[in-house]
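Report on the structure
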Amino acid sequence: MKYICLILAFLHTTAIAQISPGPRSLAMGSAGTALQDVWSLQHNPAGIAHLTRPIFALAYQRHFSVHDLSTQKAVLAVPFNKNVLGISFQRYGFNEYLEQTSSIVYSKNFSGALALSIIIKHHQFSVAKYGSESLISVDAGMQYRVNEQLWIASHISNPAKTNFHDLPGTSLPVALSFGVSYVFSDKVLVISDIQKVLDAAIDTKIGMEYKFIKWFALRGGLSANPFKQYAGFGIIYHRFVLDMAVSSHQHLGYSPNLAFSYEF
């Protein structure tokens with residue numbers, strides 16, 4: 001089992017610092033550049049600019065149903081005036097292979113239509129018998145509301161091309177994403193992303209959320225590169241939210257993701 005985990009982990013090195021989104025976004029094809037919720041901290045933090053109350057959330061994801069290979073996440077967003085401060089933490093891997101990313105975010109809402117964010121991330125990466133290394137990178141994000149139904153957004157990760165030097169085979173990619181979301185009604189939301197990681201093929205993602213009733217939503221989505229299928233649901237009870245998602249890789253299997261959030 002340890003060797004299986006190592007193989008899967010090293011496959012992940014081509015996408016170090018590709019932060020795992022929350023289960024709401026994940027269930028919709030992992031498309032979330034134009035989404036607005038607390039888990040935008042893990043995708044495009046401009047999406048937290050419209051929050052009006054502090055929110056704290058925790059999540060756990062098991063990769064490809066391998067018990068020892070998982071991601072743990074925690075996020076907190078605190079709004080004040082038309083500004084929002086956020087922090088997030090993510091841990092991926094196991095004892096022999098570990099990635100940790102901590103972020104601090106500032107996001108501002110300009111007149112309700114435009115939101116901008118800047119993110120400072122601290123990355124730590126360690127491999128048993130090879131050592132460890134850490135560095136700091138900067139990301140930026142934007143969202144713009146065209147009208148009551150349509151949002152467009154973009155996010156750039158690591159534009160300064162900061163990278164690891166002491167650990168062979170590791171990299172911190174430069175990634176750019178464009179997203180759109182469209183609210184067809186109070187029940188139906190459709191979102192889509194186009195993502196380009198430097199020196200990799202373009203990935204296209206699309207997803208939909210359907211609210212059967214006020215407190216229950218079903219979600220589904222697809223991504224093209226690699227081809228994956230996604231599904232999930234959300235349950236809202238007063239200020240508590242429970243989100244569940246699962247992604248399906250055609251060769252590696254299923255990865256369930258569960259999150260809990262509370263609005264203060």
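I will try to describe carefully the structure that is included in this document. Because the structure is a prediction, the values reported are computed rather than measured.

Across its full length, the chain carries 2 helices and 14 strands. Dimensions of the chain, computed from C-alpha atoms along their principal axes, come out at roughly 50 × 35 × 35 Å. Every one of the 264 residues in the chain was classed for burial, and the buried ones make up 47%. Taking all contacts inside the chain whose residues are at least 6 apart in sequence as the whole, residues at least 24 apart take part in 46%. With the model as given, the accessible surface of the chain reaches about 12,800 Å², and the carbon-plus-sulfur share is 64%.

Here Asn158 lies in the loop between strand S7 (150-157) and strand S8 (175-183). Here the side chain of Asn158 touches Thr162 through a polar contact of 3.0 Å, landing on its backbone oxygen. Ignoring anything within four residues of it in the chain, the contact list for Asn158 reads Ser137, Val138, Asp139, Leu172, Pro173 and Val174.

We now examine the packing of aromatic side chains. Applying the stated rule across the entire model yields 10 aromatic pairs. Ring geometry for Phe240 versus Tyr262: centroids 4.8 Å apart, planes at 50°, classification tilted. A residue pair is termed long-range when its members are at least 10 positions apart, and Phe240 in strand S13 (residues 240-249) and Tyr262 in strand S14 (residues 253-263) qualify at 22 residues. Judged by its relative accessible area of 38%, Phe240 is partly exposed. Residue classification places Tyr262 among the partly exposed positions, given a relative accessible area of 26%. Ring-pair connections join several aromatic residues into one group, and the members of that group are Tyr210, Phe212, Trp215, Phe216 and Phe233. The positively charged end of Lys73 is found above the aromatic ring belonging to Trp39, 5.8 Å away from the centroid. A cation over an aromatic ring shows up here: Lys108 above the ring of Phe110, its NZ or CZ 5.6 Å from the ring centre.

We now examine the pairing of strand S3 (residues 83-94). Pairing of strand S2 (residues 70-80) with S3, which is carried by 11 bridges, proceeds in the antiparallel orientation. Of the residues in S3, the one forming a bridge with Gln72 is Arg91. Linking S2 back to S3 in an antiparallel pair, the connection comprises 2 residues, with Asn81 at a positive phi of about 55°. In this structure, S3 lies alongside strand S4 (residues 97-110), joined through 12 bridges in antiparallel fashion. Across the sheet, residue Phe94 finds its bridge partner in S4, namely Tyr97. Between S3 and the antiparallel strand that follows it, S4, lie 2 residues.

Judged by nonpolar contacts, the single largest core of 14 residues is most densely connected at Val38, Trp39, Leu41, Ile48, Val75 and Ala77. The set of elements that each furnish at least two residues to this core consists of strand S1 (55-62) and S2. Ranked by the residues each element gives to this core, the list is headed by S1, at 3 residues. Leave out the neighbours within four places in its chain, and Val75 touches Val38, Trp39, Leu41, Gln42, Ile55, Phe56, Ala57, Ile87 and Ser88. In this structure, Tyr92, Tyr97, Phe125 and Val127 belong to the second largest nonpolar core, which totals 11 residues.

What counts and what doesn't
Residues numbered from 1 in each chain as written. Predicted model: local features only at pLDDT ≥ 70, side-chain atom pairs only at ≥ 80, totals over all residues. Heavy atoms only, no water. Helix = DSSP H or I, 4+ residues; strand = E, 2+ residues; numbered from the N terminus. Buried < 20%, exposed > 50% of the residue type's maximum accessible area, 1.4 Å probe, protein only. Contact = heavy atoms within 4.5 Å. Areas by Shrake-Rupley, 256 points an atom, 1.4 Å probe, with all protein chains shown as cover. Polar contact = N/O pair within 3.5 Å; in protein donor to acceptor, adjacent residues only side chain to side chain. Phe/Tyr/Trp six-rings, centres within 6.5 Å; stacked < 30°, edge-to-face > 60°. Lys NZ or Arg CZ within 6 Å of the ring centre and 35° of its normal. Pairing = 2+ DSSP bridges. Core = buried A, V, L, I, M, F, W, Y, C linked by side-chain atoms within 4.5 Å.

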